[in-house]
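Secondary and tertiary structure notes
If you want the building blocks of each chain, they are given just below.
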Amino acid sequence: MYRRAALCSRLLSVTRHGDRQQTLSMTHLVFGMFETLISGFCDEFPRIFKGRKTLFTGVVCIAELLIGLPLVTRAGMYIFQILDWYSAAFSVVTISLFECIVVGWIYGANRLYGDIELMIGYQPNAWWKICWMFITPFILLSILIISIVNMGAPTYGEYQYPPWAIGFGWIIASCSIIPIPVLMIVGIATTPGTLIQRIKFLVKPSVRWRPAEQKYQEQYEQQWASSCGRIDHITNGPYKMAPVEPKNGV
């Protein structure tokens, strides 16, 4: 009896320890995703969020709390299932595939290696470059194709979702993907030159992308500015973009 009691106590201790480890892992994952969201907005709109990052963080926390409340109701599992069915299997994989293509081939893995070297003092192992350019895009593309081929109507146990719920799921999945083609079309429409000139101009790294700290900017400009092909001249540090000259007055 005492041995059984000791064994049960040990199993309970291990289970509790595992729960704590899982909770900590989920906390780190959520914090990392949340910090990425906040930093992205603050970096993209520095004039709006300068000195207001704490307030903006609080507003986002409250908004996400209100959005997540339906998931803890009795119907929460049904809502979660349809969100997971479309978002995790389609939109996340699609966005990740685009990210790998942009980072590995458009921005350039070598250029990213140089950015990392400026931050940590050395370049990572070449294995990461192989993953970014070949292995990860291939795996993501395979997962996307298999998911599309095998994707059917969502279910939860024996429950079959109605058509309006399926449409709602596709809307949720599209919300994170639609900005990609929309911004692409806007960029092409607002860039001067012929269509080919616009596309060639837009698929090159932006010359405005550089380190924020002044002490790294000169080194970065010397290393990468000459290879960018979109620079007119530099005045007091910031890049000046040379507009694409249209041909034949077009």
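Everything in this summary refers to the structure shown in the same document. Bear in mind that the values here come from a model prediction, so they are computed numbers and not experimental data. (Residues numbered from 1 in each chain as written. Predicted model: local features only at pLDDT ≥ 70, side-chain atom pairs only at ≥ 80, totals over all residues. Heavy atoms only, no water.)

Remarks on the packing of helix α7 (residues 179–190) against helix α8 (residues 195–202)
Rule in force here: Between the N-to-C directions of two axes lies an angle of 0 to 180 degrees, each axis being a line fitted to C-alpha atoms and, for a helix, fitted only over the stretch in contact. The numbering of helices and of strands both runs from the N terminus, where a helix is a DSSP run of H or I of at least 4 residues and a strand a run of E of at least 2. Between 65 and 115 degrees an angle is taken as roughly perpendicular, under 35 as roughly parallel, over 145 as roughly antiparallel, and anywhere else as oblique. Throughout, a crossing is termed right-handed when the near helix is turned clockwise from the far one, and left-handed when it is turned anticlockwise from it by less than a right angle. By definition, residues are in contact when any of their heavy atoms lie within 4.5 Å. Each residue receives one of three labels: charged for Asp, Glu, Lys and Arg, nonpolar for Ala, Val, Leu, Ile, Met, Phe, Trp, Tyr, Cys and Pro, and polar for the others, Gly being one of them.
Their axes nearest at 9 Å, the elements α7 and α8 cross at an angle of 120 degrees. By the angle between their directions, the pair α7 and α8 is classed as oblique. Here the hand of the crossing between α7 and α8 comes out right-handed. Each of G187, I188 and A189 in α7 lies in contact with α8, whose residues at this interface are L195, R198, I199 and L202. When the residues that make up the contact of α7 with α8 are grouped by side-chain class, the tally is five nonpolar, one polar and one charged.

So, the packing of helix α4 (residues 76–120) against helix α6 (residues 163–175)
Helix-helix packing is characterised by the crossing angle of the two axes and by the distance between the axes. Running from N to C, α4 and α6 point in directions that differ by 40 degrees, and their axes come no closer than 9 Å. Considered as vectors, α4 and α6 are oriented oblique to each other. Handedness of the α4/α6 crossing: right-handed. Contacts between α4 and α6 pair I82, L83, Y86, S87, F90 and S91 from the former with A165, I166, F168, G169, W170, I172 and A173 from the latter. Looking at the contact of α4 with α6 residue by residue, the classes come out as 10 nonpolar, three polar and no charged.

With respect to the nonpolar core
In a soluble, globular protein the nonpolar side chains are often hidden away together inside. Condition: As used in this record, nonpolar core signifies buried Ala, Val, Leu, Ile, Met, Phe, Trp, Tyr and Cys residues forming a set joined through side-chain atoms within 4.5 Å. Buried means the residue's accessible area, taken with a 1.4 Å probe over protein chains only, is under 20% of the maximum for its type, while exposed means over 50%, and partly exposed covers the values in between.
By size, the foremost hydrophobic cluster in this structure holds 12 residues: I82, Y86, F90, V93, L97, C100, L140, L144, Y161, A165, A173 and I177. Looking at this core, the elements with two or more residues in it are α4, α5 (126–150) and α6. It is α4 that contributes the most residues to this core, six residues altogether. Look past the residues within four positions of L140 in its chain and what remains in contact with it is V93, S96, L97 and C100. Counting residues in hydrophobic clusters, the runner-up holds six residues, among them I38, C42, F49 and F56.

A look at α4
The line we're drawing: How far a helix is expected to stretch is found by multiplying one less than its residue total by 1.5 Å. At every residue, the bend is computed as the angle between two fitted axes, covering the seven residues ending there and the seven beginning there respectively.
End to end, α4 covers just 43 Å across 45 residues, shorter than the expected 66 Å (1.5 Å per residue, more than 12% under). Of all the bends in α4, the greatest, near 90 degrees, is centred on G108. One or two positions beyond α4, positive phi appears at G121, with a value near 95 degrees.

As for the environment of Y78
Here Y78 shows up in helix α4. Y78 sits 81 residues away from Y159 along the chain, and the two C-alpha atoms are 9.0 Å apart. In this view, Y78 contacts Y156, Y159 and Y161; residues no more than four positions away in its chain are not counted.

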